Amino acid sequence: MEQFAPVRRSKDGQPVRYLIVDDSVFARRNLARMIESFGGQVASEAGDGLAAITEYDRTDPDIVLMDITMPQMEGIEAAGKIVQQHPEARVVMVSSVGYQENIVAALQRGARHFVQKPVKPEVLYEVIKYVLGDEGSVSNAAGAGA
Amino acid sequence: MKMELIQPFINAADAVLAQGLQCCTSIANLSMEEEGYRRKGVAALVWLTGDIEGRIIFDLAPETAVRVASRMAGAELPESDELVRETICELANQVIGNAVTTLNDEGFHFRVHPPALHTSDEGSRSSEDTEALVMCFETASGNVFMNVALRYNRRRQADRAVAAGE
C-alpha cells in the first residue's frame, strides 16, 4: 500500500489514535492498513455501535471511523451517542450507503465527515487531515511518499 | 424487473470490483433465472426493504472467492479462512450500498440489511412479481455472479401515487 507523509498529533507529536467500527472484519483490516500507511495507530476496534460506545470511553481515540449498517446499533445512532457524551469526538462515517439522508442524519448527530466505500486511501487521508485541522500536523519524515 | 432498477447494480458492481481487484471487468452473461437458485460456492445475501424489496446474492466459486479475497486483503488466504467469507460479504455490502445510493438519489427509499453468509444450496424459484436476474461479471480473479430478485413494494407505490395525485 502507498505510504503517506505521517499525520501526527500537534500537541505531542504522537501518532493519531483511531477507533475503527465496522461489523466486517475485512473492512476493519482494510482500514487498519490504511491507518498504518498514514502513520497512525489503531487504539481499538468494534463490530457494532454499542461496542463502539464502550470502546470510545475506554480508549479515548483521536478519530472514530464508523460504519453505518451494523447489527445491534447502527453507526449513525452510535455516533450521536458518542458525540453527546464527548462533544469533542471526531467521528468520520465510512459506509457504502452514501445517500443524502444518511449523510445529513450523521452530520446532524455530530459526525464530522463522510467517506463512501470502497474507501480510497488518498481520499481518507485528506479527510483525516481536514477533520484534525490544527490538532494534526503532517510530518516530513524521510521516506514518506504522497 | 425494470432496467432502471438493475442498471445501478451493474454500475456499482463494475466499479467496486474494478477498484477492489485493480482490474477491468465485463459482463459475460445476463439472464433471467429459469430454475430455482443454486449456490455456486461462497455466497453473501443482502435483503432490502422499503420502496423496493427483495434480495441480492453475491456468489463465487470457492477458488474464485479465495483469489478475490486474497487480492482484496493484499495477502494469500487459505480457503478455510473466515476472512474469505467475510470479504465476499463486504464486497456485496459495498456493491449494494453504492447501487442503493444511486437509486435513493432517484427517489427510491430503502433500508439495507447487513450482509449474511448464504449457506443453503438452493433457493426458492422467483415468482411473477419478483423475477430474479443473474449477472456474471468476468474479472481477472474469476467470475462473480450477482443474483438480483427485487420487486416494487405495491403499498408504497400506491401511497406515492396518491401523494402525487395520480
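Quick summary incoming for the structure in this document. (Residues numbered from 1 in each chain as written. Chains lettered and ligands numbered in written order. Predicted model: local features only at pLDDT ≥ 70, side-chain atom pairs only at ≥ 80, totals over all residues. Heavy atoms only, no water.)

A short note on the overall build of chain B
Condition: Secondary structure elements follow DSSP: runs of H or I no shorter than four residues count as helices, runs of E no shorter than two count as strands, and numbering proceeds from the N terminus. Under the scheme applied here, a residue whose accessible area is under 20% of the maximum for its type counts as buried, over 50% as exposed, and between as partly exposed, the area being computed with a 1.4 Å probe on protein chains only. Throughout, a residue-residue contact means that at least one pair of heavy atoms, one from each residue, lies within 4.5 Å. Per-residue and other accessible areas were derived by the Shrake-Rupley procedure at a 1.4 Å probe size, with only the shown protein chains allowed to occlude residues.
Check the secondary structure of chain B and you find four helices and seven strands. Residue burial in chain B is summarised as follows: out of 166 residues, 49% are buried. In chain B, of all internal contacts separated by at least 6 residues, the share reaching a separation of at least 24 is 67%. Counting every atom, chain B has about 7800 Å² of accessible surface; 48% of that belongs to carbon and sulfur.

Topic: unusual backbone geometry
Residues and elements named next belong to chain A. The linkage connecting K117 with the following residue, P118, adopts the cis geometry, with an omega of -5°. Tracing the backbone through its elements, the reader meets P118 in the loop between β6 (113-116) and α5 (121-132). At D60, a position not held by glycine, the phi torsion is positive, near 45°. With respect to the helices and strands, D60 occurs in the loop between α2 (49-59) and β4 (63-66). Residues other than glycine seldom take positive phi values, yet Q72 does so here, at roughly 65°. By the secondary structure assignment, Q72 is in the loop between β4 and α3 (75-85).

A few points about the environment of A:A51
Within the fold, A:A51 resides in helix α2. By relative accessible area, which is 25% here, A:A51 ends up partly exposed.

Re the pattern of salt bridges
All names here are of chain A. The condition that has to hold: Throughout this description, the term salt bridge denotes a Lys or Arg side-chain nitrogen within 4 Å of a carboxyl oxygen of Asp or Glu.
The tally for this structure, following the rule as stated, stands at twelve salt bridges over all chains. Where E45 meets R28, a salt bridge forms, and the shortest distance between an N and an O atom there is 2.9 Å. With a gap of 17 residues between them, E45 in strand β3 (residues 41-46) and R28 in helix α1 (residues 25-37) connect regions that are remote in the sequence. Classification of E45 as partly exposed rests on a relative accessible area of 37%. Exposure remark for R28: the relative accessible area of 15% places this residue in the buried category. Linking E126 and K129 is a salt bridge whose minimum nitrogen-to-oxygen distance equals 3.4 Å. Placement of the pair is E126 and K129 together in helix α5, with a separation of three residues, close to one helical turn.

Things to note about the nonpolar core
Residue and element names in this part refer to chain B. Operational definition: Nine residue types can take part in a nonpolar core, namely buried Ala, Val, Leu, Ile, Met, Phe, Trp, Tyr and Cys, and a core is a set of them joined through side-chain atoms within 4.5 Å.
Counting residues in hydrophobic clusters, the biggest one holds 50 residues, and the most contacted among them are F9, L48, I56, I96 and M146. Going through the elements one at a time, α1 (3-21), β2 (42-50), β3 (52-60), α2 (62-73), α3 (82-105), β4 (110-112), β6 (132-139) and β7 (142-152) are the ones with two or more residues in this core. The element best represented in this core is α3, accounting for eleven residues.

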